[in-house]
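# Working through the structure, step by step
Given next are the chains, with one letter for each unit.
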Amino acid sequence: MDLNILIWIVIAAAVLLGAAVVVAVSGRGRRALRGERKPELPAEPASPAEPELAEPELAEPELAEPELAEPEVAEPSAPVEDRVPAELPVVAPETGTPTLERPEAPATRMARLRRRLASSNNALARALAELLSTDQLDADTWDDFETTLITSDLGVGPATELTETLRKKLGVEGVADPSQAKEMLRAELVDMVNPALDRRLGLDHPEGAPAVVMMVGVNGTGKTTTVGKLARVLVAEDKTVLLAAADTFRAAAADQLGTWGERVGVQTVRGDEGADPASVAYRAVEQGIAVGVDVVLVDTAGRLHTKVGLMDELGKVKRVIEKLAPVSEVLLVLDATTGQNGLTQARIFQEVVDVSGLVLTKLDGSAKGGIVVQVQRELGVPVKFIGLGEGVDDFAPFDANNFVAGLLGE
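Described in the following lines is the structure provided in the data block. (Residues numbered from 1 in each chain as written. Predicted model: local features only at pLDDT ≥ 70, side-chain atom pairs only at ≥ 80, totals over all residues. Heavy atoms only, no water.)

### Details of the sheet that holds strand β6 (residues 357-361)
Spatial strand order, β3-β2-β4-β1-β5-β6-β7-β8: eight strands in an open sheet with mixed pairing. Each having just a single partner strand, β3 (267-270) and β8 (395-397) make up the two edges of the open sheet. Averaged over all pairs of adjacent strands, the angle between strand axes in this sheet comes to 20 degrees, irrespective of strand direction. In this structure, strand β7 (residues 383-387) lies alongside β8, joined through three bridges in antiparallel fashion. The partner of G387 across the bridge, within β8, is F395. Each of β1 (211-216), β2 (241-246), β3 and β4 (295-300) touches helix α11 (residues 277-291); the most contacted strand, β2, lies at about 165 degrees to it. (Pairing = 2+ DSSP bridges. Helix = DSSP H or I, 4+ residues; strand = E, 2+ residues; numbered from the N terminus. Axes fitted to C-alpha atoms, helices over the stretch in contact; angles between N-to-C directions. Contact = heavy atoms within 4.5 Å.)

Now the structure itself:
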């Protein structure tokens, strides 16, 4: 073989052998490189966020520990009265007594209210002055006088009766002096108002039970305010009183009544909003017996006299109370400005709960006062209290002579 060919064969074999070595080495390098990254790959994803997120979860029980301790903190600071059922009153401490208001004595109220009545209702006095200032008392003059009486809410019947009486007396006796004629009118009006009626608040009660006074009336007559004012009158007479917030349909009624009571040291029994009024009244009387108070005043929800269901419920309240003690008085609160409509209301209430007395409110407004005569004649029960103004003591027992003097502008 030619030497040159042999040399080329050796060179080619060497090249092939070198290439094989290079390929083998590069393969191991790649595998080595892959092998080095294998430990790194778990480290990247192995950063399990789950363990880190789990740390707050482990902390939650630690946060719960203060919650378990809260009742222990609250126990010492909880007032003793919190353990008393919410519907029962908490006896006020004696240390609070000096801060209580002292209501005005009933005996001094009517004179003040008489002056207020005179300043706002003197239509009758003016009508009489006009009557006596004319030269001739003819039929038209007397018709005008009668109209004035009717517009004073005296009512058609009483107005006609009074006009005829005065017409005869002035004509027969020849009275022309205004002061004498006014005295004549005063006497007739007093007779119509009927001072002989017993206007005392009936507080008779059996041994071991309080007198119970129910307050009834339509919405908007000032019934709850009247209960608060009556409580002040009784406190001024040194009576012990308990209030029953049985108007559970008006959200603010119990709070309003409670405020009235707090001012004079009178406690209030109340229930949840929407509670059964009869049950609240019953608990109040029950509490009144336990505490030994003189009077329990029961505020009932205002209701339209045309709503039969509500009126029946009022009768139920009275029946439930009488399981414990007799109801001494049922006072019907009338807005004096309603005139004839007030009479319609009064008739229905009388049928349902046997009204024993009347309270006329808002006589300081547009009311003329003559409704006193009408409503007493219609129901056969006396007006026992009147309200003249927004003041806390603008409320007094009714007095026929003072009332007529106010109507005549005196």
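### Comments concerning the pattern of salt bridges
If you walk through the whole model with that rule in mind, you get 16 salt bridges. D276 is paired through a salt bridge with K316; the nearest N and O atoms lie 3.5 Å apart. One end of the pair, D276, is in the loop between β3 and α11; the other, K316, is in helix α12 (residues 308-321), with 40 residues separating them in the sequence. The residue E329 makes a salt bridge to K384 at a minimum N-O spacing of 2.5 Å. One end of the pair, E329, is in strand β5 (residues 327-335); the other, K384, is in strand β7, and 55 residues separate them in sequence. Salt bridges linked by common partners bring E101, R109, R232, R263 and D393 together as one network. (Salt bridge = Lys/Arg side-chain N within 4 Å of Asp/Glu carboxyl O.)

### What to know about the layout of surface pockets
Estimated volume of the second largest pocket: approximately 260 Å³. Taken together, 16 residues line the second largest pocket, and the ones lying closest to its centre are R199, R200, E237, F385 and P397. Class assignment for the residues of the lining of the second largest pocket results in 11 nonpolar, no polar and five charged. (1 Å grid on protein atoms, 1.4 Å probe; cavity = no way out; pocket = protein on both sides within 12 Å on 5 of 7 lines; lining within 4 Å. Points joined across faces, edges and corners; volume = space filled by probe spheres on them. Nonpolar A, V, L, I, M, F, W, Y, C, P; charged D, E, K, R; others polar.)

### What to know about the pairing of β1
Within a regular strand, the side chains alternate between the two sheet faces. A large share of β1 lies buried, amounting to six of its six residues. The alternating pattern of β1 places A211, V213 and M215 and V212, M214 and V216 on opposite faces, both of which are buried. Relative to β4, β1 runs parallel, the two sharing five bridges. Bridge pairing links A211 to V295 in β4. (Buried < 20%, exposed > 50% of the residue type's maximum accessible area, 1.4 Å probe, protein only.)

### With respect to the nonpolar core
For soluble globular proteins, nonpolar side chains are generally found buried alongside one another. Of all hydrophobic cores here, the largest spans 69 residues; its most connected members are M214, V298, I321, L358, I386 and F403. Broken down by element, the residue count for this core peaks at seven residues, all from helix α8 (residues 178-193). Within the second largest apolar cluster, 25 residues are counted, among which are A245, V264, V266 and V295. (Core = buried A, V, L, I, M, F, W, Y, C linked by side-chain atoms within 4.5 Å.)

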